[in-house]
Amino acid sequence: MTVTSESSLAISGGKPAVTEPPGDLFTWPIITEADETAVLEVLRRGGMSGMDVTLEFEQDLKQWFGMPHVLCHNTGTAAIQAALWAVGVRRGDEVISQSMTYWGSSLQVFSLGATVVFSEMDPNTLTLDPSDIEHRITERTKAIVPVHYCGHPTDMDPIMEIAERHGVKVVEDVSHAQGALYKGRLVGTIGHVGAMSIMSGKSLACGEGGFLVTGDQEIYERAVAWGHYSRTGKLENPDLKPLAGMPLGGYKYRMHQLSSAVGRVQLKGYRERMTVIQDAMNHFWDRLEGTPGLRAHRPLVASGDTMGGWYAAHGLYRPEELDGLPVSRYCEAVNAEITSGFSVRGGANPLMHLHAVLNEADIYGDGKPTRIAFADRDLRQPQGSLPVTESLPERCFSIPWFKHYRPEQIDQYAEAFRKVAENAEQLQ
C-alpha cells in the first residue's frame with residue numbers, strides 16, 4: 001500500500017493533524033470579574049465560615065431545579081453520603097451501583113456499615129443497565145445509585161419502576177451531568193434524591209463543593225441532621241427536633257462560602273455556557289459520523305436526552321472494526337497527531353469491583369474486609385463476575401472537552417481521531 005503524506009500517521013513521521021495551540025479552547029472554569037468580586041466580598045467581611053451566601057445559593061438552586069429542597073455540602077462525596085444515610089442505608093445494608101465510576105458514587109457506604117453491590121453497565125451509555133438490577137435486589141437492598149456517567153443520562157424510568165416495586169430508594173449521582181436532561185426532565189429530579197459534586201473540574205464549577213436536591217422533606221431533614229449541626233434547631237420532624245446543636249453523624253458538612261459565592265455566579269451563566277459546550281461537542285461527533293471503530297457517546301436527539309455540560313467526555317471504541325487494534329495503541333497514535341492542548345487516554349475510571357479496597361481492606365479493624373464486615377454472605381465480585389463492565393476499559397476513550405464553539409479548530413481535533421481510525425492498518 002502506498003501511504004500519501006496526508007494519510008501518513010504522525011506516529012510514523014507524517015504531519016500532525018493539530019498543530020496550532022488551543023488557546024482557551026479547554027480552559028475551565030471560566031472565571032470573570034463577577035466571580036472575583038463575589039469572592040472578595042466574602043473575604044473582606046470575614047464571612048468565609050458563615051451561611052448567608054450558601055443559603056442564597058440554595059435558593060438559586062431550588063429555582064434552577066424546580067425543587068423544594070436543596071442542601072449544600074463541602075463536597076459531592078459528602079452530599080452522596082448524606083443522601084444515602086437519609087434514605088435509610090445502615091449497617092449490613094446493600095446499595096446497588098456501577099463499578100466503572102469515580103469511587104465517590106458509592107464507596108462512602110463503608111462509613112455507614114453497608115456495602116455496595118455492582119450491577120452491569122450498558123456498553124453504549126456507560127450507565128447502569130436496568131435489565132441487570134432486579135435480580136441483585138435482596139431484603140437488605142436499601143438504595144440504587146444510578147450514575148449519569150460522563151454526562152450520559154441513565155435510563156431512569158425502568159430503574160424507578162424497579163425501585164418502587166421493591167420499596168428501594170434511588171439516589172442519582174449527577175456529578176458528571178449537571179443540566180443534562182432525561183426525556184426532557186433534569187437529571188437529579190427523577191430519583192428520590194439527587195446528589196452531585198461541583199468541584200472546579202465539573203461542568204458546573206464552584207471550587208470545591210456539592211449539594212443534594214430532593215422533593216422529599218423527610219430526606220432533606222435527615223440529611224440536615226446528619227451533617228449540618230447549625231441547622232438542626234429548625235427541623236420539623238419530631239424525631240429530629242431533640243438534636244438541636246449536634247449532627248447525628250458527627251460530621252461538619254456545610255459548604256465553604258467562597259465556593260457558594262462562586263457557585264452563585266457560575267449558575268447564572270451556566271445554561272448559556274452549557275449550550276455552547278453542547279454545540280461544540282456535537283459538532284465534533286458530527287464530523288466523525290461513520291468513522292470505523294468510533295461511536296459517539298451521546299443520546300439520540302429524538303430521545304429528549306442531553307449531555308448537560310459533557311463532563312469527562314468519552315467516545316466508544318470498536319476494535320473489531322479496526323482489525324482488533326488495542327485502544328491503547330489507537331490513543332497513542334491520536335496523541336501523536338495532537339501537538340498540544342489535549343491528551344487522549346483509553347478506558348475511564350478503574351473498575352471498583354476488582355480493586356483491593358473493595359476486596360481486601362479492613363478499614364475499621366473488624367477482622368475481615370470492610371466490604372463484607374456486616375454482610376450475611378460474601379458479596380465480593382471477582383474477575384469475570386461482570387463481563388460487560390470488564391470489557392469497557394478496552395472499548396472507550398477520552399475525547400477533547402471543548403468549552404467554546406469554534407468549528408475550524410474543533411475540526412482539526414476530529415481529523416486527528418478520524419485520520420488514525422481510517423489508517424489503522426499502519427499501526428498493525
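See the structure printed just above.
Residues numbered from 1 in each chain as written. Predicted model: local features only at pLDDT ≥ 70, side-chain atom pairs only at ≥ 80, totals over all residues. Heavy atoms only, no water.

### Some points on the side chain of E390
Right, on to step 1. Take E390: it is sitting in helix α10 (residues 387–391).
Right, on to step 2. A polar side-chain atom of E390 sits 2.8 Å from the main-chain amide nitrogen of G384.
Right, on to step 3. Setting aside residues up to four positions removed in sequence, E390 forms contacts with L351, H353, L354, P382, Q383, G384 and S385. (Helix = DSSP H or I, 4+ residues; strand = E, 2+ residues; numbered from the N terminus. Polar contact = N/O pair within 3.5 Å; in protein donor to acceptor, adjacent residues only side chain to side chain. Contact = heavy atoms within 4.5 Å.)

### So, the pattern of salt bridges
Right, on to step 1. A complete count under the given rule lists 25 salt bridges for this structure.
Right, on to step 2. Measuring nitrogen to oxygen at the nearest pair gives 2.9 Å for the salt bridge that ties D286 to R298. With D286 in helix α7 (residues 270–287) and R298 in the loop between β10 (294–296) and β11 (314–317), this residue pair connects regions lying twelve residues apart in the sequence.
Right, on to step 3. Judged by relative accessible area, which is 43%, D286 ranks as partly exposed.
Right, on to step 4. The closest approach of N and O atoms between E320 and R395, which form a salt bridge, is 3.2 Å. Residue E320 is found in the loop between β11 and α8 (327–337), and its partner R395 is found in the loop between α10 and β12 (396–398); the two are separated by 75 residues along the sequence.
Right, on to step 5. Look at R395 and you get partly exposed, because its relative accessible area is 22%.
Right, on to step 6. Counted as one network, the salt bridges with shared partners bring together E94, R140, D376 and R377. (Salt bridge = Lys/Arg side-chain N within 4 Å of Asp/Glu carboxyl O. Buried < 20%, exposed > 50% of the residue type's maximum accessible area, 1.4 Å probe, protein only.)

### What about the packing of aromatic side chains?
Right, on to step 1. With the rule as written, the count across this model stands at 20 aromatic pairs.
Right, on to step 2. Between W64 and Y270, the aromatic rings sit 6.0 Å apart at their centres with planes inclined by 45°, giving tilted as the arrangement. Of this pair, W64 sits in helix α2 (residues 52–65) while Y270 is found in helix α7, placing the two residues 206 residues apart along the sequence. Note on accessibility: W64 and Y270 belong to one class, buried.
Right, on to step 3. On the numbers, 4.9 Å between centres and 40° between planes, the contact of Y102 with W103 is tilted.
Right, on to step 4. Aromatic ring contacts, followed pair by pair, group F26, F284, W285, Y317, Y330, F342, F397, F402, Y413 and F417 into a single cluster.
Right, on to step 5. When the ring centre of F374 is taken as origin, the NZ or CZ atom of R91, which lies over that ring, is 4.3 Å away.
Right, on to step 6. The ring of W64 carries R271 above its face, with NZ or CZ at 4.2 Å from the centroid. (Phe/Tyr/Trp six-rings, centres within 6.5 Å; stacked < 30°, edge-to-face > 60°. Lys NZ or Arg CZ within 6 Å of the ring centre and 35° of its normal.)

The values are spatial; any link to function lies outside them.
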